[in-house]
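The lines below spell out each chain.
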Amino acid sequence: MASAPRAPLYLGLDLSTQQLKAVVIDGELHVVHQSGVQFDAELHEFRTQGGVHIHADRLTVTSPVLMWVKALDLLLDKMKRAGLDFSRVRALSGSGQDSFSVSDSPVWMDSSSTQQCEDLQAAAGGALRLAEITGSRAYERFTGNQIAKLHQTRAEEFQDTERISLVSSFAASLFLGGYAAIDYSDGSGMNLLDIRTRNWSEICLQATAPHLDQLLGAPLPSTSVLGPVSSYFVHRYGFSESCSVVAFTGDNPASLAGMRLQPGDVAVSLGTSDTVFLWLQQPRPALEGHVFCNPVEQQEYMALLCFKNGSLTRERVRNECAGASWELFSAALSDTPLGNHGNIGFYFETMEITPPVIGVHRFDSADCEVSSLSPRVEVRAVVEGQFLSRRLHAERLGYSIIPGTRVLATGGASSNKEILQVLSDVFNAPVYTIDLSDSTCLGSAYRALHGLVAESGASFFDVVKKAPEPRLVATPHPKAKEVYDKLLKRYAQLEERVVQKSHS
């Protein structure tokens, strides 16, 4: 049903590596407008490739901040020409990639701050202690380590710095016409925020740079209304003076909002890399993965795990063991039993992130390593092995299957019913599929709507309950829990063997 002429609208933005996108929804959560600006194609003067500049050392990767500013005007001009009535927008929010703002800003692809990572971990008492404080061990792309590098290598510029922003808070600042606070959720991807107290960690601040608490400003809840939109946007684009700017957050937290994850849920994106999003009540930060403050429920958490060996690994096994046919691959999954007669496989064809291992390792039911498995057994071994890995590492971060747990599947392989059946069995939970086009932008629009009512106590789920429901596609086999609880213990022990062998 079309919106009434003056019905309120809510704007969500996403400032990603390659483009700036916008989604507008109405109060019934229908998408009424979408638009975007591709940096390489539409802002030639900045000479980016894939939205970035890769420097001569091949480690430093930056984006010109002025390009982001120009992209915002270009995007809003496009939307105005398309007939969007900005005076109806009651609130806006957005998300940004991991990084922070200097004239040429390091982005998430940058890996030039290894020394600063080592220094921070030493100051905190080791990588695990740093993870316990900030939710992650030290990562080169995280803002704290980039700030330390700037302080050490460009001391004069650092001395002249008035404020340090994340991409997300920088974009919010443009709309406010003043400095925007960093939100808890994106702030917990900096190696600087204590995820339990939700304040900057003194240990981490002191190890990074002087006077850093003043340069960062106080972090705020992700649901905070930061203030009204600035007069520039009122006069140039026709925004209402009462349009609220809700705190911007990171791209992954915005995706969690767009997927509408609930307590106990796990989202599994099955793509070139497999990504696992988790809703956590009690986190257990580890050396692997990331724990963030939850962007829609202030006292809870979210976690993120990324696995490099995803669809390309499944495709190679399909080509070798199922005649390059997904139909035969699916038939092999249907014709082999849960637990695969005790055979377990590890398929790390490129260096994996979690765990950091490369190589293919197969084990029989007696835990003896074997050089090959029959084609059908190999097909089930790769799928079961991948999903056992996803569950094992999710549980190590504090995830546990509870009554009502749902697995939300997306990505290319989520169209394969037999693969999703194995996912359901391994997690012993029903699997649903969701259409996630522009989930980050959509999550930002949902958060804009929620931000207006969050202080009154309205939950995020009350606000988004009218959104389309995910579709049930698989339920676990009655014996799944018995089979995979045992297999998971064996898988964990064998993974430890594989890690030790590869590092010896």
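Because the structure is a prediction, the values reported are computed rather than measured.

Undergrad: Any chance you could explain the layout of surface pockets here in plain terms?
TA: A water-sized probe rolled over the atoms picks out the places where empty space is left. Taken as a whole, the second largest pocket encloses approximately 410 Å³ of empty space. Gly258, Asp435, Leu442, Tyr446 and Pro468 are the residues nearest the centre of the second largest pocket, which is lined by 23 residues in total. Every element with two or more residues in the lining of the second largest pocket is listed here: strand S3 (31-38), helix H12 (251-259) and helix H17 (439-454). Of the residues assigned to the lining of the second largest pocket, the class counts are 11 nonpolar, five polar and seven charged.

Undergrad: Where do I start with unusual backbone geometry in this structure?
TA: Excluding glycine, residues mostly carry a negative phi; peptide bonds, for their part, are mostly trans. That bond from Thr354 to Pro355 is cis: its omega, -5 degrees, falls within 30 degrees of zero. With respect to the helices, strands and loops of the structure, Pro355 is situated in the loop between strand S17 (344-348) and strand S18 (359-363). Phi is positive for Asp367, close to 65 degrees, though the residue is something other than glycine. Looking at where Asp367 falls in the secondary structure, it is placed in the loop between S18 and strand S19 (369-370). Accessibility expressed as a relative area gives 22% for Asp367, which makes it partly exposed.

Undergrad: Can you help me understand the side chain of Arg380 in this one?
TA: When you line up the elements, Arg380 lands in helix H15 (residues 375-396). At 3.4 Å, the side chain of Arg380 and the backbone oxygen of Pro337 are in polar contact.

Undergrad: It is not clear to me how the pattern of salt bridges should be interpreted in this structure. Could you clarify?
TA: Across all of its chains, the model carries 23 salt bridges by this definition. The residue Lys70 makes a salt bridge to Glu45 at a minimum N-O spacing of 2.5 Å. A residue pair is termed long-range when its members are at least 10 positions apart, and Lys70 in helix H2 (residues 65-81) and Glu45 in the loop between helix H1 (39-42) and strand S4 (53-54) qualify at 25 residues. Exposure remark for Lys70: the relative accessible area of 42% places this residue in the partly exposed category. By relative accessible area, Glu45 is classed as partly exposed at 45%. Between Arg376 and Asp335 there is a salt bridge; the shortest N-O distance is 2.8 Å. A residue pair is termed long-range when its members are at least 10 positions apart, and Arg376 in helix H15 and Asp335 in helix H14 (residues 326-335) qualify at 41 residues. For Asp335, a relative accessible area of 47% gives the class partly exposed. One connected set of salt bridges, linked through shared partners, spans Arg391, Glu395, Lys481 and Asp485.

Undergrad: Mind showing me how you'd approach the domain arrangement of the chain here?
TA: Accessible area lost on assembly of the parts is the figure often given for the size of an interface. Taken domain by domain, the chain consists of domain 1 (9-252) and domain 2 (260-435 + 470-503). Between the C-alpha centres of domain 1 and domain 2 the distance comes to 32 Å. Listed by partner, the interface residues are 23 residues for domain 1 and 18 residues for domain 2. Taken together, the connections running from domain 1 to domain 2 amount to zero salt bridges.

Undergrad: Please explain H2 as it appears in this structure.
TA: Residues spaced three or four apart along an α-helix point in a common direction, a consequence of the helix completing one turn every 3.6 residues. Between its first and last C-alpha atoms H2 spans 25 Å; for 17 residues at 1.5 Å apiece the expected length is 24 Å, and the two agree. Phi turns positive, to about 100 degrees, at Gly83, one or two residues after H2.

Undergrad: Is there a simple way to explain the pairing of strand S14 (residues 274-280) in this structure?
TA: Two faces, one strand: in a regular strand the side chains alternate between the faces of the sheet. Among the seven residues in S14, seven count as buried, and that is most of the element. The alternating pattern of S14 places Asp274, Val276, Leu278 and Leu280 on one face and Thr275, Phe277 and Trp279 on the opposite face, and all of these are buried. The loop that links strand S13 (residues 266-270) with its antiparallel partner S14 comprises three residues.

Undergrad: I keep staring at the sheet that holds S17 and nothing clicks. Help me out?
TA: Two orientations exist for strands paired in a sheet by backbone hydrogen bonds: parallel and antiparallel. The strand order S17-S18-S19 describes an open sheet built from three strands, whose pairing is antiparallel. In this open sheet, the two strands that pair with only one neighbour each are S17 and S19. Of the pairings in the sheet, the one linking S17 to S18 comprises five bridges and is antiparallel in character. The partner of Phe348 across the bridge, within S18, is Gly359. Helix H19 (residues 480-503) rests against S17, S18 and S19 of the sheet, and its axis sits at about 45 degrees to S17.

Undergrad: Looking at this model, I keep getting lost on the nonpolar core. Mind explaining?
TA: Taken as a class, soluble globular proteins show a tendency for nonpolar side chains to be buried jointly. Residues Leu212, Leu216, Phe329 and Leu423 are the most contacted members of the largest nonpolar core, which totals 81 residues. When residues of this core are sorted by domain, at least three fall in each of domain 1 (9-252) and domain 2 (260-435 + 470-503). Formed by 38 residues, the second largest nonpolar core is a distinct cluster that contains Trp68, Leu84, Phe170 and Ala180.

Undergrad: Teacher, can you tell me more about the sheet that holds S14 here?
TA: In spatial order, the strands read S15-S16-S14-S13-S20-S21-S22; together these seven strands make up an open sheet with mixed pairing. The outermost strands of the open sheet, each flanked by one partner alone, are strand S15 (290-293) and strand S22 (471-474). Pairs of neighbouring strands in the sheet enclose a mean axial angle of 25 degrees, with direction left out of account.

Undergrad: Would you take a moment to explain the packing of H15 against H19 for this structure?
TA: Packed helices, taken two at a time, are described by the angle between their axes plus the distance between the axes. Closest axis-to-axis distance for the H15/H19 pair is 10 Å, and the angle between their directions is 85 degrees. As summarised for this structure, H15 and H19 are arranged roughly perpendicular, according to the angle between their axes. Touching Arg380, Glu384, Gly385, Leu388, Ser389, Arg391, Leu392, His393, Glu395 and Arg396 of H15 are Tyr484, Asp485, Leu487, Leu488, Tyr491, Ala492 and Glu495, all from H19. Classifying every residue of the contact of H15 with H19 gives seven nonpolar, three polar and seven charged.

Undergrad: How should I be thinking about helix H13 (residues 311-321) in this particular structure?
TA: For H13, the full list of buried residues reads Ser311, Thr313, Arg314, Val317, Arg318 and Cys321. Down the axis of H13, the buried side of the element spans an arc of 160 degrees, and every buried residue falls inside it. Relative to its buried face, H13 has exposed residues pointing more than 90 degrees away, namely Leu312 and Glu320. Each element contacted by the buried residues of H13 is listed here: S13, S14, H14, S17, H15 and helix H16 (417-427). At the exit of H13 stands Gly323, carrying a positive phi of roughly 55 degrees.

Undergrad: Help me out: how do you make sense of the UniProt feature "coiled-coil region" (unreviewed entry) in the chain in this one?
TA: Those places that UniProt annotates as "coiled-coil region" (unreviewed entry) correspond, in this numbering, to residues 477-504. Taken end to end, residues 477-504 is 86% helix and 0% strand, and its first and last C-alpha atoms sit 39 Å apart.

Undergrad: Mind showing me how you'd approach the side chain of Arg391 here?
TA: By the element assignment, Arg391 lies in helix H15. Within polar-contact distance, the side chain of Arg391 engages the side chain of Glu395 at 2.8 Å. Reaching out from Arg391, the side chain makes a polar contact with the backbone oxygen of Val426 at a distance of 2.8 Å. With near-sequence residues (within four places) excluded, Arg391 lies in contact with Ile401, Val426, Phe427, Tyr484, Asp485 and Leu488.

Conventions adopted
Residues numbered from 1 in each chain as written. Predicted model: local features only at pLDDT ≥ 70, side-chain atom pairs only at ≥ 80, totals over all residues. Heavy atoms only, no water. 1 Å grid on protein atoms, 1.4 Å probe; cavity = no way out; pocket = protein on both sides within 12 Å on 5 of 7 lines; lining within 4 Å. Points joined across faces, edges and corners; volume = space filled by probe spheres on them. Helix = DSSP H or I, 4+ residues; strand = E, 2+ residues; numbered from the N terminus. Nonpolar A, V, L, I, M, F, W, Y, C, P; charged D, E, K, R; others polar. Buried < 20%, exposed > 50% of the residue type's maximum accessible area, 1.4 Å probe, protein only. Polar contact = N/O pair within 3.5 Å; in protein donor to acceptor, adjacent residues only side chain to side chain. Salt bridge = Lys/Arg side-chain N within 4 Å of Asp/Glu carboxyl O. Domains from an automatic or database assignment. Contact = heavy atoms within 4.5 Å. Expected span 1.5 Å × (residues − 1). Pairing = 2+ DSSP bridges. Axes fitted to C-alpha atoms, helices over the stretch in contact; angles between N-to-C directions. Core = buried A, V, L, I, M, F, W, Y, C linked by side-chain atoms within 4.5 Å. Parallel < 35°, antiparallel > 145°, perpendicular 65-115°, else oblique. Arc of directions from axis to C-beta. UniProt positions renumbered as here; feature names shortened; annotations may be inferred.

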